[in-house]
There are 2 protein chains.
Amino acid sequence: MDRRIREHAEVLVDWSAQIEASDDVVLAVGEGTHDLAVATAELVGERGANLVATYAADELQRAYLRGHDGNFDANPAHELALVENADVYLALGGGRNTSALADVDAERRTAYAQATEAIREARLSTDWVKTVHPTRSLAQQAGMAYEEYQDFVYDATLRDWEALAAEMERLKEILDEGSEVRLVSADTDLTMSIEGRTAVNSAASVAYDSHNLPSGEVFTAPYDTEGEVCFDVPMTIRGERVNNVSLTFEDGEVVDVSADQNASVIEEIVDTDDGARRLGELGIGMNRGIDRFTDNILFDEKMGDTVHLALGRAYDANLPADESGNDSAVHVDLITDVSDESRLVVDGEVVQRNGRFRWEDGFEE
Amino acid sequence: MDRRIREHAEVLVDWSAQIEASDDVVLAVGEGTHDLAVATAELVGERGANLVATYAADELQRAYLRGHDGNFDANPAHELALVENADVYLALGGGRNTSALADVDAERRTAYAQATEAIREARLSTDWVKTVHPTRSLAQQAGMAYEEYQDFVYDATLRDWEALAAEMERLKEILDEGSEVRLVSADTDLTMSIEGRTAVNSAASVAYDSHNLPSGEVFTAPYDTEGEVCFDVPMTIRGERVNNVSLTFEDGEVVDVSADQNASVIEEIVDTDDGARRLGELGIGMNRGIDRFTDNILFDEKMGDTVHLALGRAYDANLPADESGNDSAVHVDLITDVSDESRLVVDGEVVQRNGRFRWEDGFEE
């Protein structure tokens with residue numbers, strides 16, 4: 001077995017999920033993730049924790065959903081009891097075909113998601129962590145060779161997470177104390193308020209309320225957005241390729257949308273509801289192990305030298321306890337490259353210039 | 001997908017487990033059984049039942065058990081809750097290597113089994129069914145080519161179960177009314193009492209309290225055994241090949257053991273405890289879809305034209321409610337071919353001769 005699989009499992013079990021003796025662990029095993037599941041099971045055993053492995057195969061889910069008439073029982077007792085009694089929930093994504101659910105109609109999927117809402121809530125109440133095993137199907141989605149993609153995933157995942165968490169903490173402090181963020185680059189000049197909001201140091205560990213491995217971003221919930229922004233990172237959104245999406249904001253709301261390709265997808269999104277016209281997230285990617293876009297949001301939005309903004313719903317973690325943030329049925333991330341001709345400015349002070357942070361060598365104001 | 005996989009799933013879901021709308025179903029998916037799991041998931045959906053799939057991979061279990069220090073928590077809450085809330089438990093065996101657990105020491109396995117006793121009890125309280133998917137690893141164990149083994153498994157599994165259940169009911173009635181069974185063949189002349197015992201019609205369905213697919217045997221719990229029996233079907237017991245095991249019984253207990261090969265394995269078994277010297281089961285195989293021995297007890301003991309006897313523990317289902325049967329830590333089946341020069345006699349009347357039953361054409365007393 002590739003020694004990196006074992007190292008990946010170690011990061012997952014010890015840094016991300018912080019598994020301890022007697023924890024009741026659910027391990028959701030995607031298709032094609034057997035080797036990572038085996039390495040993880042061994043470590044769960046070594047920590048003296050208790051293991052139930054579930055088979056999270058998309059093809060099984062497809063067969064079940066298509067077989068069913070769509071009138072689903074609400075929160076089946078056996079599954080709810082499993083998840084409610086779990087301390088930790090580890091999801092190993094991967095699969096053998098990222099389109100395995102393509103012929104399940106959206107209504108059926110939505111009905112199932114709604115019927116199992118309490119199960120999802122129970123899962124989100126555990127120390128849950130989502131990661132991926134580098135399968136051939138994900139390599140294909142990324143347009144990469146299999147071994148090349150393995151290197152990519154492990155470069156992103158096998159970081160010195162403690163050091164990165166400490167660096168991200170610096171940015172979090174700046175954002176927590178700041179009132180206004182301005183993002184400037186060739187086609188972008190955008191101003192947002194962050195007064196009163198709390199940034200999350202997303203350091204790929206439940207200790208930081210961060211549930212993705214890899215992670216490596218600091219994010220907060222902006223409001224009162226004004227100006228223009230161009231997202232120059234190509235992405236697939238709702239199955240459509242979009243590129244160079246430009247948004248114009250006035251009084252916090254999108255008033256104009258353009259794009260080189262499929263602008264209609266973005267127009268549809270901003271028309272979903274009132275909240276979809278406002279931003280829910282400002283995120284700054286700081287994982288320099290991620291060195292290219294792979295059309296997978298788990299990686300893309302964490303990439304060093306990028307900033308992403310999400311239309312729609314804000315995360316509670318960014319808000320004061322008594323305040324509700326931007327509400328919407330959607331949360332759609334868009335990404336911009338800030339490695340060149342770019343500045344991130346907080347309350348008039350440049351924090352990041354051309355991808356370099358204020359505390360790094362070579363930073364010049 | 002081979003249409004027989006779908007048919008196998010239909011027998012499993014409808015005949016064996018009798019799954020109905022809103023049943024909470026656990027589907028334990030062994031390695032290499034993905035296709036049968038997909039077919040089963042679709043049918044569970046069609047019946048309107050609820051599905052949790054677990055990943056029952058031997059390699060995962062090996063890694064977990066070897067990683068752990070052996071001091072297992074008793075009945076982890078999440079797993080216990082899952083099983084206690086399940087109505088149906090379907091286990092799909094198969095695997096990629098029947099020796100996958102070979103380097104887990106026996107003490108570790110026993111400790112785990114003891115710690116999870118309540119979970120096993122809860123599982124046995126559901127409508128549970130165990131079947132196998134014809135994997136290459138099982139084909140290898142059987143000494144058969146892959147496609148040849150697929151034919152073998154489906155011939156055994158895709159029976160007219162209703163007709164077979166009706167035929168087995170005839171034998172059950174004879175055994176229920178009978179007092180004494182005598183088995184005679186070339187090297188065998190054995191007499192057992194079955195007075196007061198109830199035979200089980202093992203028709204591969206929970207409706208018959210029968211939990212193996214395939215099944216196809218009628219069994220009861222004999223006692224006061226006298227005489228000699230030779231088991232001419234070669235088997236692997238505790239990892240050792242045994243052949244032509246001969247046992248001599250006096251006053252219900254084994255007094256002499258011999259064998260062409262590895263007699264010591266059988267001697268060890270009868271020395272386990274007092275109950276291990278007595279019989280716990282007399283079973284008559286009636287599944288004529290099974291036409292050869294494959295060194296897999298799930299199939300071998302159900303084969304038409306065979307009789308098996310088990311040393312050790314008797315099943316409660318064969319006993320009156322107020323009576324406890326033969327008790328032992330072991331239950332070891334041994335099989336004899338009755339297709340030739342053989343008679344099964346109940347209270348002086350020949351019930352089976354050379355593999356033919358009394359009610360079949362061509363039977364001559």
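Reading guide: rules and limits
- Residues numbered from 1 in each chain as written.
- Chains lettered and ligands numbered in written order.
- Predicted model: local features only at pLDDT ≥ 70, side-chain atom pairs only at ≥ 80, totals over all residues.
- Heavy atoms only, no water.
- pLDDT = per-residue confidence, 0-100.
- Helix = DSSP H or I, 4+ residues; strand = E, 2+ residues; numbered from the N terminus.
- Polar contact = N/O pair within 3.5 Å; in protein donor to acceptor, adjacent residues only side chain to side chain.
- Contact = heavy atoms within 4.5 Å.
- Salt bridge = Lys/Arg side-chain N within 4 Å of Asp/Glu carboxyl O.
- Buried < 20%, exposed > 50% of the residue type's maximum accessible area, 1.4 Å probe, protein only.
- Phe/Tyr/Trp six-rings, centres within 6.5 Å; stacked < 30°, edge-to-face > 60°.
- Lys NZ or Arg CZ within 6 Å of the ring centre and 35° of its normal.
- Core = buried A, V, L, I, M, F, W, Y, C linked by side-chain atoms within 4.5 Å.
- Buried area = accessible area lost by both parts, 1.4 Å probe.
- Nonpolar A, V, L, I, M, F, W, Y, C, P; charged D, E, K, R; others polar.
- Axes fitted to C-alpha atoms, helices over the stretch in contact; angles between N-to-C directions.
- Parallel < 35°, antiparallel > 145°, perpendicular 65-115°, else oblique.
- Left-handed = near helix turned anticlockwise from the far one by under 90°.
- Pairing = 2+ DSSP bridges.

Draft legend 1. The confidence of the model for chain A, seen in detail. Taken residue by residue, chain A gives an average pLDDT of 95. The fraction at 70 or more is 99%. Here the complex is predicted with pTM 0.92, and the ipTM for its interfaces comes to 0.91.

Draft legend 2. Expanded view of the side chain of T306 of chain A. Residues and elements named next belong to chain A. Tracing the sequence through the fold places T306 in strand β15 (residues 306–312). Looking at T306, its side chain comes within polar contact range of the main-chain oxygen of M303, at 2.7 Å. Once you skip the residues sitting within four places of it in the chain, T306 turns out to touch G283, I284, G285, F293, D300, E301, I335, T336 and V338.

Draft legend 3. Molecular detail of the pattern of salt bridges. Counted under the stated rule, the structure contains 50 salt bridges over all chains. Here R278 of chain A and E253 of chain A are joined by a salt bridge, their closest N and O atoms 3.0 Å apart. Pair noted here: R278 of chain A is in the loop between α10 (263–270) and β14 (279–285) and E253 of chain A is in strand β13 (residues 253–258), with a separation of 25 residues, a long-range link. Among the salt bridges present, the one from K302 of chain B reaches E301 of chain B, with a minimum N-O distance of 3.4 Å. Side by side, K302 of chain B and E301 of chain B carry an identical accessibility label, which is buried. Among the charged side chains, a network of salt bridges with common partners joins R6, E10, D14, E42, E46 and R47 of chain A.

Draft legend 4. Just the packing of aromatic side chains, in detail. Residue and element names in this part refer to chain A. In this structure the tally under the stated criterion is 17 aromatic pairs over all chains. Here a set of aromatic residues connected by ring pairs shows up, and it is made of Y64, F72 and Y112. Directly above the ring of Y89 sits R123, whose terminal nitrogen or CZ lies 5.4 Å from the centroid. Over the ring of Y146 we find R136; its NZ or CZ atom is 3.8 Å from the centre of that ring.

Draft legend 5. Examining the nonpolar core more closely. Grouped together as the largest cluster of nonpolar side chains are 174 residues, with contacts concentrated most on L247 of chain A together with L247 of chain B. In this view, L247 of chain A contacts G227, E228, V229, F231, V254, D256, V257, I266, L311 and L334 of chain A; residues no more than four positions away in its chain are not counted.

Draft legend 6. Broad picture of the interface of chain B and chain A. If you look at the interface, chain B gives 39 residues, while chain A gives 39 residues. Of the roughly 3300 Å² buried between chain B and chain A on both sides combined, carbon and sulfur atoms contribute 65%. Looking at the side of chain B facing chain A, the largest losses of area belong to Y55, Y64 and H78 of chain B, adding up to 22% of the total buried there. At the boundary of chain B with chain A, the tally comes to zero salt bridges. On inspection of chain B and its partner chain A, the count reaches 22 residue pairs in polar contact (both at pLDDT 80 or more). Among the secondary structure elements, those contributing two or more residues to the side of chain B that touches chain A are β1 (24–29), α2 (34–46), β2 (50–55), α3 (58–67) and α4 (77–84) of chain B. Of the residues that constitute the side of chain B that touches chain A, the class distribution is 21 nonpolar, 10 polar and eight charged.

Draft legend 7. Summary view of the packing of helix α4 (residues 77–84) of chain A against helix α6 (residues 117–124) of chain A. Residue and element names in this part refer to chain A. Relative to each other, α4 and α6 sit at 15 degrees, their axes nearing to 9 Å. Classified by the interaxial angle, the pair formed by α4 and α6 is roughly parallel. Regarding α4 and α6, the two cross each other, and that crossing is left-handed. Within the contact between the two elements, α4 uses E79, L80, V83 and E84 and α6 uses A118, I119, A122 and R123.

Draft legend 8. Region of the structure containing the sheet that holds strand β8 (residues 217–220) of chain B. All names here are of chain B. Ordered in space as β7-β8-β14-β15-β16, the five strands form an open sheet in which the pairing is antiparallel. With partners counted over all chains shown, the strands left at the sheet margins are β7 (200–202) and β16 (331–337), one partner each. Neighbour-to-neighbour, the strand axes of the sheet open up by a mean angle of 20 degrees, direction not taken into account. Pairing of β8 with strand β14 (residues 279–285), which is carried by four bridges, proceeds in the antiparallel orientation. Residue pairing in the sheet places E217 in a bridge with G285 of β14.

Draft legend 9. Spatial organisation of the side chain of T131 of chain B. Residue and element names in this part refer to chain B. Tracing the chain through its elements places T131 in strand β4 (residues 127–132). A distance of 2.9 Å separates a polar atom in the side chain of T131 from a polar atom in the side chain of H8. With near-sequence residues (within four places) excluded, T131 lies in contact with H8, L12, L36, A91, L92, G93 and L213.

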